Structure formats: structure tokens, C-alpha cells
Amino acid sequence: MPTAPPETPVAAAPSRLRAVVRALRPYQWTKNLLVFLPLVMAHRLTEAALLGEAALAFVALSLCASGTYVVNDVLDREWDRRHPQKRHRPFAAGTLSAAVGLALAPALVAAGFALALLTLPLPFAGVMAVYLGVTLAYSLRLKRVPALDVVLLGGLYTLRVLGGGAATGIPVSEWLLAFSLFTFLGLALLKRYAELRLMETDPRAHDNGRGYAVEDVAMLRAIGPATGIMALLVLALYITNPEVTALYDHPERLWLVAPLLFYWTMHLWLTAHRRAMPDDPLLYAVKDPVSYLVGALAAGVLVLASV
């Protein structure tokens, strides 16, 4: 393991504040928008009380998540220094010291749980506790166990959906749960595949501390898209279920979502295959015009099926 560079001198207050904000990874909070998914699928997004509860869940989960990101970056600062993008993270670059991170992380987690316990139903705090435990186990050890790491990543995405249901009291259906599991497991596999594709051409990233080797690219390429297609199968079974008529006047129109989802899945995999996906797939999608277009079309189909 290479010798860590010396810590940089203490920065001015504005620079340190910017570094602290960067360490929170606010761009990662977009993943926590999944807490709104149960409201969307139950057609109750316009109910102000439920929307407020989901918003509080979003803030509480984002604070907790930022605490775990700080822990992860402090632990990974040696690995990150050898990564072409991650080397600019505050702890890897030496902008913030590990001591600052070890003080900041518990404060963020405590703030998140305080907000959850004071404003939301107790089951949501339980979901957050599971999220915290799994995330810390992932950061400390399990992210270096191939295959198990992607299962945990997919599970953490799905926990966000369950958290939205717990915060609002809206049950998460078996259909949404199964669809989420396969979708997010596919995205977790895509994340690892994209990292390996970049490792093939950048020798600085050949040892990323994740337990994968470039020889694993072919296996991930075979399994990943198939996992995404499993989400399509769940969607097809959902559309043909008689219970769908309770939510949609024209459920047969939902079939239009299937080709959109297939196109989006293949679009992301082709992007990663061409080494053009430097970010987490969901974060890449947030900046991807094609993803916005597919999302808008899918939302239009849902409206069309409801009228």
C-alpha cells in the first residue's frame, strides 16, 4: 500500500466549509428520492400530508447517508488516492483530516435519527437503522466480497423504497418490491461493470479494493443485462394481474412502458461498455438527457393508462 501524502495545511474557513459540503456528497441524495416512489405508485402524490412525511424521510435519510459516506471515504482514502476521479475527494486529497471525518459522521447520523424519531412513524427509524447497519458493514468489509457487494447495493436501494412506505404508512406491494429488487440489482452490477471497463485502460485504478479483476468483465456483462430484463418480466406479470384495474382505467396501455424500460436498460449498458460512464449509474442517469426523455415518456404512459 502506498505511503499516504502528508496532510495539507489547514485551509481557510470558506475552503474548509466547501470541503465539508463535498464530503457530504449531496449529489448522492438524489438516490433518496426513491422514498417518494410508494406515493407515486399508489397515486397519492398530491396528498400534502403524505408528501410532507416523504420529504422529512428524504431529509432524515440523506443526513444518515452522508454520515456513512464520510465513514466510507475516511476508510477508503488510501484506495481513492489511486483512482482517477476519487482522488479528488476531500479525505483522499488531504483537504479534510480523518479526525474531522470521525467527528462529522456520528453528528450527521444522530441528526438524521433525531429528525426521524421526532417527526415520523417508528417503523421508518427501524428501516433507517437497518440501512445504517448494512451500509457500515458494507463500508468496513463487505464491499470487498464479490457478488455479495452487489446484492447489498441492490438491497440498499430497495430499502429506500421501503423507507418511503414506512414513513407514509403506504404498504409497498410485492410487485413494487420485486420490481425494485431486480432493477436495483441490475444497476449495482452495472456499477461494477462500468468500474471494471475503466480499469481496463487506466492502470492507476487496477486495484480498487472491491475484490474484482478485469477478467470479471465478461461475467458481469452476461449477468447484468439479464437481471434488468427480470424487472421487465415482473412488470409484464404485474400488468396482467387483475388487481391493476383498481389503479388504472386502461392497464393494457402500461405495456408501452416495457419497450421504454428495455431501451433505457440497454442504453445504460452500452454507455458503460463504451467506457463513457464514470459515475454510479443512477447519478449518471440524473445528468443523462436520454434518461430524462425515457422517464417523461414513461410518466406519460402512466397518465394515459389512468384516464
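Each remark here, short or long, concerns the structure printed above.
Residues numbered from 1 in each chain as written. Predicted model: local features only at pLDDT ≥ 70, side-chain atom pairs only at ≥ 80, totals over all residues. Heavy atoms only, no water.

Trainee: I'd love a proper account of the packing of helix α10 (residues 217-239) against helix α11 (residues 257-273), names of residues and values included.
Mentor: Two elements in contact, α10 and α11, have axes separated by 10 Å at closest approach and are oriented at 165°. In this view, α10 runs roughly antiparallel relative to α11, as classed from their interaxial angle. Considering how the two elements wind past one another, α10 and α11 form a crossing that is right-handed. Together, Leu220, Arg221, Gly224, Pro225, Gly228, Ile229, Leu232 and Leu235 of α10 and Val257, Ala258, Leu261, Phe262, Thr265, Trp269 and His273 of α11 make up the contact between the two elements. A breakdown of the residues in the contact of α10 with α11 according to their chemical character gives ten nonpolar, four polar and one charged. (Axes fitted to C-alpha atoms, helices over the stretch in contact; angles between N-to-C directions. Helix = DSSP H or I, 4+ residues; strand = E, 2+ residues; numbered from the N terminus. Parallel < 35°, antiparallel > 145°, perpendicular 65-115°, else oblique. Left-handed = near helix turned anticlockwise from the far one by under 90°. Contact = heavy atoms within 4.5 Å. Nonpolar A, V, L, I, M, F, W, Y, C, P; charged D, E, K, R; others polar.)

Trainee: Quick rundown of the packing of aromatic side chains? Include the residues and the values.
Mentor: Two numbers describe a pair of aromatic rings. These are the distance of the centres and the angle of the planes. Taken as a whole and assessed by the stated rule, the structure comprises three aromatic pairs. Ring geometry for Tyr157 and Phe184: centres 5.2 Å apart, planes at 35°, overall tilted. Here Tyr157, found in helix α8 (residues 148-168), pairs with Phe184, found in helix α9 (residues 174-199); they are 27 residues apart in sequence, far enough to count as distant. Residue classification places Tyr157 among the buried residues on the basis of a relative accessible area of 5%. (Phe/Tyr/Trp six-rings, centres within 6.5 Å; stacked < 30°, edge-to-face > 60°. Buried < 20%, exposed > 50% of the residue type's maximum accessible area, 1.4 Å probe, protein only.)

Trainee: Talk me through the layout of surface pockets; I want residue IDs and the actual numbers.
Mentor: Its volume calculated, the largest pocket comes out at about 1,800 Å³. The wall of the largest pocket is formed by 45 residues, among which Leu34, Leu37, Val40, Met41 and Phe179 lie closest to the centre. Elements with a minimum of two residues in the lining of the largest pocket: α2 (37-41), α9, α10, α11, α12 (281-286) and α13 (289-306). The element that contributes the greatest number of residues to the lining of the largest pocket is α13, accounting for eight residues. When its residues are assigned to classes, the lining of the largest pocket shows 37 nonpolar, six polar and two charged. A per-element tally of the lining of the second largest pocket places α9 first, with six residues. For the lining of the second largest pocket, the per-class residue count stands at 18 nonpolar, ten polar and 14 charged. (1 Å grid on protein atoms, 1.4 Å probe; cavity = no way out; pocket = protein on both sides within 12 Å on 5 of 7 lines; lining within 4 Å. Points joined across faces, edges and corners; volume = space filled by probe spheres on them.)

Trainee: Please give an account of the pattern of salt bridges that cites residues and values.
Mentor: Under the defined criterion, the tally for this structure stands at 13 salt bridges. Note that Lys31 is salt-bridged to Asp280, the shortest N-O span being 3.2 Å. Separated by 249 residues along the polypeptide, Lys31 in the loop between α1 (13-23) and α2 and Asp280 in the loop between α11 and α12 bring together distant segments of the chain. For the pair Lys31 and Asp280, a shared accessibility class is recorded, and that class is buried. (Salt bridge = Lys/Arg side-chain N within 4 Å of Asp/Glu carboxyl O.)

Trainee: Account for a nonpolar patch on the surface, with residues named and values stated.
Mentor: Side chains of Leu256, Val303, Leu304 and Val307 sit close together on the surface and give an oily, nonpolar patch of about 360 Å² of accessible area. Take Leu256: it is sitting in the loop between α10 and α11. (Patch = residues over 30% accessible without salt bridge, like charges linked within 9 Å, V, L, I, M, F, W, Y side chains within 5 Å. Areas by Shrake-Rupley, 256 points an atom, 1.4 Å probe, with all protein chains shown as cover.)

Trainee: Give me empty space enclosed by the protein: which residues, what numbers.
Mentor: Using the criterion set out here, one finds three cavities of 30 Å³ or more in the structure. By volume, the largest cavity amounts to about 110 Å³. For the lining of the largest cavity, the secondary-structure elements that each account for two or more residues are α9, α10 and α11. For the lining of the largest cavity, the element with the highest residue contribution is α11, accounting for five residues. Broken down by class, the residue content of the lining of the largest cavity amounts to seven nonpolar, five polar and no charged.

Trainee: How would you sum up the side chain of His267? Please name residues and give values.
Mentor: Along the chain, the position of His267 falls in helix α11. A polar atom in the side chain of His267 sits 2.8 Å from the side chain of Asp288. With sequence-adjacent residues up to four places away left out, His267 is seen in contact with Asp288 and Val290. (Polar contact = N/O pair within 3.5 Å; in protein donor to acceptor, adjacent residues only side chain to side chain.)

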